[in-house]
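Coordinates in review
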Amino acid sequence: MGIVKINDELHGEIRKASSVMVRSINAQAEYWIKIGMLAEANPSMSFSDIMRDQMKLAEVDIRKAVGG
C-alpha cells in the first residue's frame, strides 16, 4: 500500500462520488485508476465495453444479478 498525493479539489470530487457509488473514498479512487488504466490501454473500447469485459473476467452473470 502506498500514498498517492492528489489536490484538495480532486479529493472532494472523489468524496462526493464515493457517497453516490456507496464506496469508500479509497475504493472510489482505486476504481477510477483501474478504469483509467484500462481505457488508456484500450483506446478503441468504450466504457461499456471495458465494463462488460471486466464482468466477464469476474464471471458475473448480469442476468442473475438483476433477476432476469
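Residues numbered from 1 in each chain as written. Predicted model: local features only at pLDDT ≥ 70, side-chain atom pairs only at ≥ 80, totals over all residues. Heavy atoms only, no water.

An unreviewed UniProt entry lists the chain under the name ParD-like family protein, from Zhongshania aquimaris.

**A few points about the overall build of the chain**
Stated precisely, the cut-off is as follows: Where helices and strands are cited, they refer to DSSP runs of H or I of at least four residues and of E of at least two residues respectively, numbered from the N terminus. When we talk radius of gyration, it's over C-alpha atoms, and the globule rule is simply 2.2 Å times the number of residues to the 0.38. Burial classes follow relative accessibility: with a 1.4 Å probe on protein chains only, a residue under 20% of its type's maximum area counts as buried, one over 50% as exposed, and anything between as partly exposed. Surface accessibility in these figures is a Shrake-Rupley result with a 1.4 Å probe; residues are shielded only by whichever protein chains are displayed.
Broken down by element type, the chain carries four helices and zero strands. Counting helices and strands in the order they occur from the N terminus, the chain gives α-α-α-α. Relative to a compact globule of 68 residues, whose C-alpha radius of gyration would be 11 Å, the chain shows 14 Å and is clearly more extended. Taken along the three principal axes of its C-alpha coordinates, the chain extends 40 × 30 × 20 Å. Out of the 68 residues belonging to the chain, those deemed buried represent 9%. Summed over its atoms, the accessible surface of the chain is roughly 5900 Å², and 59% of this surface lies on carbon and sulfur atoms.

**Quick notes on a nonpolar patch on the surface**
Note the threshold: Like charges within 9 Å and nonpolar side chains (Val, Leu, Ile, Met, Phe, Trp, Tyr) within 5 Å are joined into patches, using only residues over 30% in relative accessible area that form no salt bridge. By salt bridge we mean one thing: a side-chain nitrogen of Lys or Arg within 4 Å of a carboxyl oxygen of Asp or Glu.
Among the surface-exposed residues, Val-4, Ile-6, Leu-10 and Trp-32 lie close enough to one another that they form a single nonpolar patch of about 350 Å² accessible area. Mapped onto the secondary structure, Val-4 falls in the segment before helix 1 (8-21).

**Here we look at the pattern of salt bridges**
Taken as a whole, this structure holds three salt bridges when the rule is applied. Note that Lys-16 is salt-bridged to Glu-13, the shortest N-O span being 2.8 Å. With a gap of three residues between them, Lys-16 and Glu-13 both fall in helix 1, about one helical turn apart. Taking the relative accessible area as the measure of exposure, Glu-13 reaches 39% and is therefore partly exposed. Residue Arg-52 is joined to Asp-49 by a salt bridge in which the shortest nitrogen-to-oxygen separation is 2.6 Å. One end of the pair, Arg-52, and the other, Asp-49, are both in helix 3 (residues 47-57), three residues apart, so they sit about a helical turn from each other. Note on Asp-49: relative accessible area 26%, which makes it partly exposed.

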